[in-house]
Amino acid sequence: DDIFKKYTKYNHLTKVKTSDMGTMFVLNFEIILKPDVSTKEFIDEIRERNGNLNAVLTVKKYTTIE
């Protein structure tokens, strides 16, 4: 939660599923980054927190939340 609070204006967990025969979780989030946030720093902090496992950020353009 602290990483999402630091880097995002909005975040919502949209999907949870298991992978690798139930040994790992795949979490899908819908997010809107704060202005002037480094996506690289955001991903680096997430990867550091989750033991350098895969992290994917998909950018959705033209989305705003006031």
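Rules used throughout
Per chain, residues are indexed from 1 in the order of the written sequence. Restriction of local features to residues with pLDDT of at least 70 applies here, the model being predicted, together with a cutoff of 80 or more for giving and counting side-chain atom pairs; totals for whole chains, interfaces and linings are based on all residues. Side-chain metrics in this entry use all non-hydrogen atoms of the structure; hydrogen atoms and water are not considered. Here, a salt bridge means any side-chain nitrogen of Lys or Arg that lies within 4 Å of a carboxyl oxygen of Asp or Glu. Helix and strand definitions follow DSSP, with helices as H or I runs of at least four residues and strands as E runs of at least two, each counted in order from the N terminus. Note on classification: 1.4 Å probe, protein chains only; a residue is buried when its accessible area is under 20% of the maximum for its type, exposed when over 50%, partly exposed between these limits. Note that the arc is computed from the directions linking the helix axis to the C-beta atoms. Note on contacts: a residue pair qualifies if any of its non-hydrogen atoms lie within 4.5 Å across the two residues.

Caption draft 1: Representation of the pattern of salt bridges in the model. For the structure on display, the rule yields three salt bridges. In this structure, the salt-bridge partner of Asp2 is Arg49, at a minimum N-O distance of 3.0 Å. You can see Asp2 sitting in helix 1 (residues 2-7) and its partner Arg49 sitting in helix 2 (residues 39-49), a full 47 residues away along the chain. Note that Lys40 and Asp44 form a salt bridge whose closest N and O atoms lie 2.6 Å from each other. Here Lys40 pairs with Asp44, and both are found in helix 2, just four residues apart, close to one helical turn.

Caption draft 2: Just helix 2, in detail. All of the buried residues along helix 2 are Phe42, Ile43 and Ile46. Each buried residue of helix 2 sits inside an arc of 90 degrees when the element is viewed along its axis, so together they form one side. In helix 2, the exposed residues that point more than 90 degrees away from the buried face are Lys40 and Glu48. In this structure, the buried side of helix 2 is in contact with helix 1, strand 1 (8-19) and strand 2 (24-33).

Caption draft 3: Geometry of the environment of Ser19. Residue placement: Ser19 occurs in strand 1. Setting aside anything within four residues of it in sequence, one finds Ser19 in contact with Met24 and Val26.

By themselves, these figures tell us nothing about what the structure is for.
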